[in-house]
Amino acid sequence: SAPSDDEHLVLSTVHQAKGLEWQAVFVVGLAEGLFPLPWAAQSPIELEEERRLFYVAATRARTDLHLVYPVFGVGGMDRAAIQQPSRFLQELQGPGREPVYATWRVEEAPAEDAP
């Protein structure tokens, strides 16, 4: 059957999301060095702008908010590197508290045998 009008996916940047709202929101790429950007982390004014953008992203969800960071990424010399959660995620957790993370393992689906 054809999808109904409410069955769709909207991809948006954080900048474009201001003033919009959705039932469920996934904010991806929340690793240190990705969000905030490295150059923004060097300036208190730019860091606060990135923090404001994070707030905008996190407040676009009506019911479900998923804050996602990759465990692995590309480091120096194009080598795999373990990523750290964004400082913004760490700030949400609070000092001295254990992080509350759900680990999602994404794997490629096995190829189906052709008849």
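Residues numbered from 1 in each chain as written. Predicted model: local features only at pLDDT ≥ 70, side-chain atom pairs only at ≥ 80, totals over all residues. Heavy atoms only, no water.

Visitor: Explain helix α2 (residues 44–58) to me, please; I cannot follow it from the model alone.
Guide: Each turn of an α-helix holds 3.6 residues, which means side chains three or four residues apart point in the same direction. Between its terminal C-alpha atoms α2 stretches 21 Å, which fits the 21 Å expected from 15 residues at 1.5 Å a residue. Its buried side turned inward, α2 meets α1 (14–17), β1 (22–27), β2 (61–67) and α3 (87–93). (Helix = DSSP H or I, 4+ residues; strand = E, 2+ residues; numbered from the N terminus. Expected span 1.5 Å × (residues − 1). Contact = heavy atoms within 4.5 Å.)

Visitor: Any chance you could explain the pattern of salt bridges here in plain terms?
Guide: Between side chains of opposite charge, a pair can form as their charged atoms come close. Under the counting rule described, the total for this entry stands at 5 salt bridges. Close ionic contact of Arg62 with Glu21 constitutes a salt bridge, the shortest N to O distance being 3.1 Å. Highlighted residues: Arg62 in strand β2 and Glu21 in the loop between α1 and β1, separated in sequence by 41 residues. A relative accessible area of 47% means that Arg62 is categorised as partly exposed. Classification of Glu21 by relative accessible area gives partly exposed; the value is 42%. Between Glu48 and Arg51 there is a salt bridge, with the nearest N and O atoms lying 2.2 Å from each other. On the criterion of helical spacing, the pair formed by Glu48 and Arg51 is a turn pair, its members being 3 residues apart in helix α2. Judged by relative accessible area, Arg51 falls into the partly exposed class, the value being 22%. Residues participating in the shared-partner salt-bridge network are Glu48, Arg51 and Glu91. (Salt bridge = Lys/Arg side-chain N within 4 Å of Asp/Glu carboxyl O. Buried < 20%, exposed > 50% of the residue type's maximum accessible area, 1.4 Å probe, protein only.)

Visitor: Any chance you could explain the packing of aromatic side chains here in plain terms?
Guide: How two aromatic rings sit relative to each other is given by the distance of their centres and the angle of their planes. With the rule as written, the count across this model stands at 3 aromatic pairs. Taking the centre distance of 6.3 Å and the plane angle of 80° together, the rings of Phe35 and Phe54 count as edge-to-face. Pair noted here: Phe35 is in the loop between β1 and α2 and Phe54 is in helix α2, with a separation of 19 residues, a long-range link. Exposure remark for Phe35: the relative accessible area of 10% places this residue in the buried category. Given the relative accessible area of 7%, Phe54 is considered buried. Members of the aromatic cluster, joined through ring pairs, are Phe35, Phe54 and Phe88. (Phe/Tyr/Trp six-rings, centres within 6.5 Å; stacked < 30°, edge-to-face > 60°.)

Visitor: In this structure, what is going on with the nonpolar core? I would like to understand it.
Guide: Across soluble globular proteins, you tend to see nonpolar side chains buried next to one another. In terms of nonpolar packing, the biggest core is built from 13 residues, with Val14, Val27, Leu30, Phe35, Phe54 and Phe88 touching the most fellow members. Only β1, α2 and α3 provide two or more residues apiece to this core. Residue contacts for Leu30: discarding those within four places in its chain leaves Phe35, Phe54, Leu67, Val68, Tyr69, Pro70, Gln84, Pro85, Ser86 and Leu89. (Core = buried A, V, L, I, M, F, W, Y, C linked by side-chain atoms within 4.5 Å.)

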